[in-house]
Amino acid sequence: MGIVELHNYISEVAESLPEEEKKQLLELRDSLDELGLKEWGYKLELFSGDMIEKNIGDWNKLIVLQGEAERAGSFEVKPLYVLLILILVVLVIYNV
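Residues numbered from 1 in each chain as written. Predicted model: local features only at pLDDT ≥ 70, side-chain atom pairs only at ≥ 80, totals over all residues. Heavy atoms only, no water.

Draft legend 1. Up close: helix α1 (residues 3-14). For α1, built from 12 residues, the straight-helix expectation of 16 Å at 1.5 Å per residue is met to within 8% by its first-to-last C-alpha distance of 16 Å. All buried positions along α1 are accounted for by Leu 6, Tyr 9, Ile 10, Val 13 and Ala 14. Here the buried residues of α1 occupy an arc of 140° about the axis, which is enough to place them on one side. (Helix = DSSP H or I, 4+ residues; strand = E, 2+ residues; numbered from the N terminus. Expected span 1.5 Å × (residues − 1). Buried < 20%, exposed > 50% of the residue type's maximum accessible area, 1.4 Å probe, protein only. Arc of directions from axis to C-beta.)

Draft legend 2. Focus on a nonpolar patch on the surface. Nonpolar side chains collect at one region of the surface, where Leu 80, Tyr 81, Leu 83, Leu 84, Ile 87 and Leu 91 lie side by side and expose about 570 Å² of accessible area between them. Locating Leu 80 in the fold gives a position in helix α6 (residues 79-95). (Patch = residues over 30% accessible without salt bridge, like charges linked within 9 Å, V, L, I, M, F, W, Y side chains within 5 Å. Areas by Shrake-Rupley, 256 points an atom, 1.4 Å probe, with all protein chains shown as cover. Salt bridge = Lys/Arg side-chain N within 4 Å of Asp/Glu carboxyl O.)

Draft legend 3. Highlighting the pattern of salt bridges. Scanning the entire structure with this criterion turns up 6 salt bridges. Between Asp 30 and Arg 29 there is a salt bridge, and its shortest N-O distance comes to 2.9 Å. Classification of Asp 30 by relative accessible area gives partly exposed; the value is 46%. In this structure, Arg 71 engages Glu 68 in a salt bridge whose closest nitrogen and oxygen atoms are separated by 3.1 Å. Here the residue Arg 71 and the residue Glu 68 both occupy positions in helix α5 (residues 59-73), the gap between them amounting to 3 residues, near one helical turn. Its relative accessible area of 11% is what places Glu 68 among the buried residues.

This is the structure we're talking about:
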């Protein structure tokens, strides 16, 4: 799920929460620019875990949100990047 899809999904999850928690989640949703992607994902993950633990809101949606937030905050190493780095290293060594 991309950032835009996650942003929309957070709005959907917020609808299943009580008013106070809904407000917290929507504020957190809008804080991406202030926090940065990694911390934003971490805070979303903590929030959804807390809601699951307290049994507040739609459990299924919160589980999905927690997983997507964890993925959003982590860096994914793609095989293409590894291949490009290896090629770069070989070229540097070859030219030296």
